Amino acid sequence: MNRISLCMIVKNEAVNLPPLLESIKPLGVELVVVDTGSTDDTVAIAKAAGAKVVSWAWRSDFAAARNVSLEHATRPWVLWLDADDRMPPESVGRILSIAAGEPERAVSFLVKNTTDGGSTGSEFSQIRMFPNHPRLRFVGAVHEQVYPSLVALGLPLDYTDILVHHTGYTDPETVKAKQARNRSILEKRVTQGEGGAIQWYQLATTNQDLGEVDAAEKGFRKALELVRNGDPEQHLASVLPSHLAALKLAKDDVRGAYEVYKETLDSDPAPWHPNQTSLVAQ
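Residues numbered from 1 in each chain as written. Predicted model: local features only at pLDDT ≥ 70, side-chain atom pairs only at ≥ 80, totals over all residues. Heavy atoms only, no water.

Draft legend 1. View of the packing of aromatic side chains. Under the definition given, this model contains 5 aromatic pairs. With centroids separated by 6.3 Å and ring planes inclined at 75°, the aromatic side chains of W56 and W58 adopt a geometry described as edge-to-face. The class for W58 is partly exposed, based on a relative accessible area of 33%. Relative to F138, the ring of F130 lies with its centre 6.0 Å away and its plane at 75°, an arrangement referred to as edge-to-face. Grouping residues by exposure puts F130 and F138 together as buried. Every member of this aromatic cluster is reached through a ring pair, and the members are W56, W58 and F62. The lysine or arginine in question, R128, covers the ring of W80, its NZ or CZ lying 3.9 Å from the ring centre. (Phe/Tyr/Trp six-rings, centres within 6.5 Å; stacked < 30°, edge-to-face > 60°. Buried < 20%, exposed > 50% of the residue type's maximum accessible area, 1.4 Å probe, protein only. Lys NZ or Arg CZ within 6 Å of the ring centre and 35° of its normal.)

Draft legend 2. How the structure looks around the pattern of salt bridges. Enumeration over the complete set of coordinates arrives at 11 salt bridges. K25 serves as the salt-bridge partner of E22, at 3.3 Å between the closest nitrogen and oxygen. By sharing partners, the salt bridges in this structure join R66, D82 and E144 into a single network. (Salt bridge = Lys/Arg side-chain N within 4 Å of Asp/Glu carboxyl O.)

Draft legend 3. Fine view of the packing of helix α6 (residues 172-191) against helix α7 (residues 197-209). Following both chains from N to C, one finds α6 and α7 inclined at 145°, their axes separated by 9 Å at the closest point. α6 and α7 meet at a crossing whose hand is left-handed. In contact with Q179, N182, R183, L186, E187 and V190 of α6, α7 contributes Q199, W200, Q202, L203, T206, N207 and D209. Class assignment for the residues of the contact of α6 with α7 results in 4 nonpolar, 6 polar and 3 charged. (Axes fitted to C-alpha atoms, helices over the stretch in contact; angles between N-to-C directions. Helix = DSSP H or I, 4+ residues; strand = E, 2+ residues; numbered from the N terminus. Left-handed = near helix turned anticlockwise from the far one by under 90°. Contact = heavy atoms within 4.5 Å. Nonpolar A, V, L, I, M, F, W, Y, C, P; charged D, E, K, R; others polar.)

Draft legend 4. Main features of helix α3 (residues 62-71). Burial runs high along α3: 8 of the 10 residues are buried. For α3, the set of buried residues is F62, A63, A65, R66, N67, V68, S69 and L70. Buried residues along α3 sit in contact with β1 (4-10), β2 (30-35), β3 (52-55), β4 (77-80), β7 (123-131) and α6. The N-capping residue of α3, defined by a side-chain oxygen 3.1 Å from the backbone nitrogen of A63, is D61. (Polar contact = N/O pair within 3.5 Å; in protein donor to acceptor, adjacent residues only side chain to side chain.)

Draft legend 5. Focus on the sheet that holds β2. Reading across the sheet, the 8 strands line up as β3-β2-β1-β4-β7-β6-β8-β5 and stay open at both edges, with mixed pairing between neighbours. If you trace the sheet from one side to the other, it starts and ends with β3 and β5 (85-86), each paired once. By the bridge criterion, 7 bridges tie strand β6 (residues 106-113) to strand β8 (residues 157-166) in an arrangement that is parallel. Along β8, the bridge assignment pairs L110 with L163. (Pairing = 2+ DSSP bridges.)

Draft legend 6. Up close: the pairing of β8. Bridge count for β5 against β8 is 2 bridges, and the pairing is antiparallel. The residue bridging R86 from the neighbouring strand is H165, located in β8.

Draft legend 7. Looking closely at unusual backbone geometry. In this model, N12 sits at a positive phi of 50°, which is unusual for a non-glycine residue. Looking at where N12 falls in the secondary structure, it is placed in the loop between β1 and α1 (17-24). Given a relative accessible area of 35%, N12 falls into the partly exposed group. Even without being glycine, H143 reaches a positive phi, approximately 55°.

Draft legend 8. Expanded view of the environment of L17. Its place among the elements puts L17 in helix α1. Overall, L17 belongs to the buried group, its relative accessible area being 1%. Leave out the neighbours within four places in its chain, and L17 touches M8, T42, I45, A46 and A83.

Draft legend 9. Main features of the environment of L186. With respect to the secondary-structure elements, L186 resides in helix α6. What makes L186 buried here is its relative accessible area of 1%.

Draft legend 10. Representation of the side chain of E217 in the model. Along the polypeptide, E217 turns up in helix α8 (residues 213-228). Sequence-distant contacts of E217, defined by excluding residues within four places in its chain, comprise L244, L247 and K248.

Draft legend 11. Spatial organisation of the packing of α7 against helix α9 (residues 240-250). Contact pair α7 / α9: the axes reach a minimum separation of 12 Å and the direction vectors enclose 25°. Considering the angle they form, α7 stands roughly parallel to α9. As α7 runs across α9, the sense of the crossing is left-handed. Facing α7, whose interface residues are Y201, T205 and Q208, α9 presents L240, H243, A246 and L247. Here the contact of α7 with α9 is composed, by residue class, of 4 nonpolar, 3 polar and no charged. (Parallel < 35°, antiparallel > 145°, perpendicular 65-115°, else oblique.)

Shape descriptors only; they carry no functional weight alone.
Now the structure itself:
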């Protein structure tokens with residue numbers, strides 16, 4: 001029996017889904033697909049591939065949708081992908097090798113934003129595989145993550161260079177539309193008083209990407225204020241100064257960036273984020 005449940009959330013992905021399904025065939029997974037309201041052939045395509053399809057009414061919460069998929073997973077390991085992901089052939093064997101072992105850790109892959117089969121594109125690490133455990137669940141309405149529950153369980157995390165190709169964030173108009181959607185969700189959350197430092201940070205980076213500089217600065221400063229007042233997302237203290245300074249530098253305000261440096265940067269370089277080191281150099 002294959003030991004992987006591949007969990008997905010989808011909506012109107014009839015174009016993206018077939019190439020994704022073709023790329024994961026060698027994994028032989030249990031496929032769990034949560035559909036959040038498709039009006040195209042997404043559901044039919046998923047069912048034809050043997051997926052367990054669950055219909056779920058969208059409620060502007062990506063973590064909640066992903067957690068529904070986890071509730072229907074039955075195999076020892078969970079692997080999550082999006083419809084615009086592609087699994088390179090060279091990654092398959094490594095994933096199956098991990099799945100053959102006991103599910104005692106989570107695994108971070110390298111996700112590569114690419115449209116040319118991985119020849120070019122930026123990369124970032126993301127937890128994509130973890131044990132199927134009832135206490136391992138996603139949090140965050142946007143930019144959802146499983147890491148907090150992983151820490152709460154005390155499970156280790158392995159960083160690997162196993163590749164997943166992601167094709168959904170390369171077209172500027174698509175990126176802009178997704179960021180506008182994310183901003184709407186995050187604004188609602190913080191307005192309702194659910195805005196911890198991480199939500200304000202995410203809202204600020206979204207506004208930054210959309211070119212809303214003043215709104216971005218407000219968000220970063222609110223996140224920094226919350227972190228200084230004991231918000232649990234203390235890791236943000238190492239990245240917020242560089243974001244604030246970047247807003248100044250984008251307007252050629254070098255003096256303003258220097259003032260941010262003096263105001264926010266820890267005097268000890270040991271905990272500096274790489275972006276902060278770059279800031280000091282500038």
